[in-house]
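Structural overview
Letter by letter, the chains look like this.
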Amino acid sequence: MKEERRISNMTQEQLALKTGTKKSFISRIENGKSDIQLSTLYRILEIGLGKKVSFTIE
């Protein structure tokens, strides 16, 4: 997520504002210090960073 945020030229604060979270939460996720719900991951990646999320279960 950190790399995608950097590619999008966004700060943690900008991403947090866009997705309705806090900068500290984005930081904890990027540093592996926090678990994240799938719905939150979806919101950050698709809404915040404009990426497409898809899952395959085999």
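First, a word on what this report is: a plain description of the structure on this page. The model shown is predicted, which means the values in this text are computed figures rather than measured ones.

Parameters at a glance
- Residues numbered from 1 in each chain as written.
- Predicted model: local features only at pLDDT ≥ 70, side-chain atom pairs only at ≥ 80, totals over all residues.
- Heavy atoms only, no water.
- Helix = DSSP H or I, 4+ residues; strand = E, 2+ residues; numbered from the N terminus.
- Buried < 20%, exposed > 50% of the residue type's maximum accessible area, 1.4 Å probe, protein only.
- Arc of directions from axis to C-beta.
- Contact = heavy atoms within 4.5 Å.
- Core = buried A, V, L, I, M, F, W, Y, C linked by side-chain atoms within 4.5 Å.

Turning our attention to the overall build of the protein chain. Per the secondary structure count, the protein chain includes four helices and zero strands. Along the protein chain, helices (α) and strands (β) appear in the sequence α-α-α-α when read from the amino end. Taken over the C-alpha atoms alone, the protein chain extends approximately 35 × 20 × 20 Å along its principal axes. By the burial criterion, 31% of the 58 residues in the protein chain qualify as buried.

Our focus in this paragraph is helix H2 (residues 12-19). Among the residues of H2, Gln-12, Leu-15, Ala-16 and Thr-19 are the ones counted as buried. Looking down the long axis of H2, one finds its buried residues gathered within 100° of arc, a one-sided arrangement. In the core, the buried residues of H2 are packed alongside helix H1 (2-7), helix H3 (23-30) and helix H4 (38-48).

On to the nonpolar core. One finds Met-10, Leu-15, Ala-16, Phe-25, Ile-26, Ile-29, Ile-44, Leu-45, Leu-49 and Val-53 forming the largest nonpolar core, which totals 10 residues. Elements supplying a minimum of two residues to this core: H2, H3 and H4. Of the residues forming this core, the biggest block, three residues, is contributed by H3. Each residue touching Val-53, except ones within four places of it in the same chain, is listed here: Tyr-42, Leu-45 and Glu-46.

Here Gln-12 is to be found in helix H2. Accessibility expressed as a relative area gives 14% for Gln-12, which makes it buried. Ignoring sequence-local partners within four residues, the contact set of Gln-12 consists of Arg-5, Lys-23, Ile-26, Ser-27 and Glu-30.

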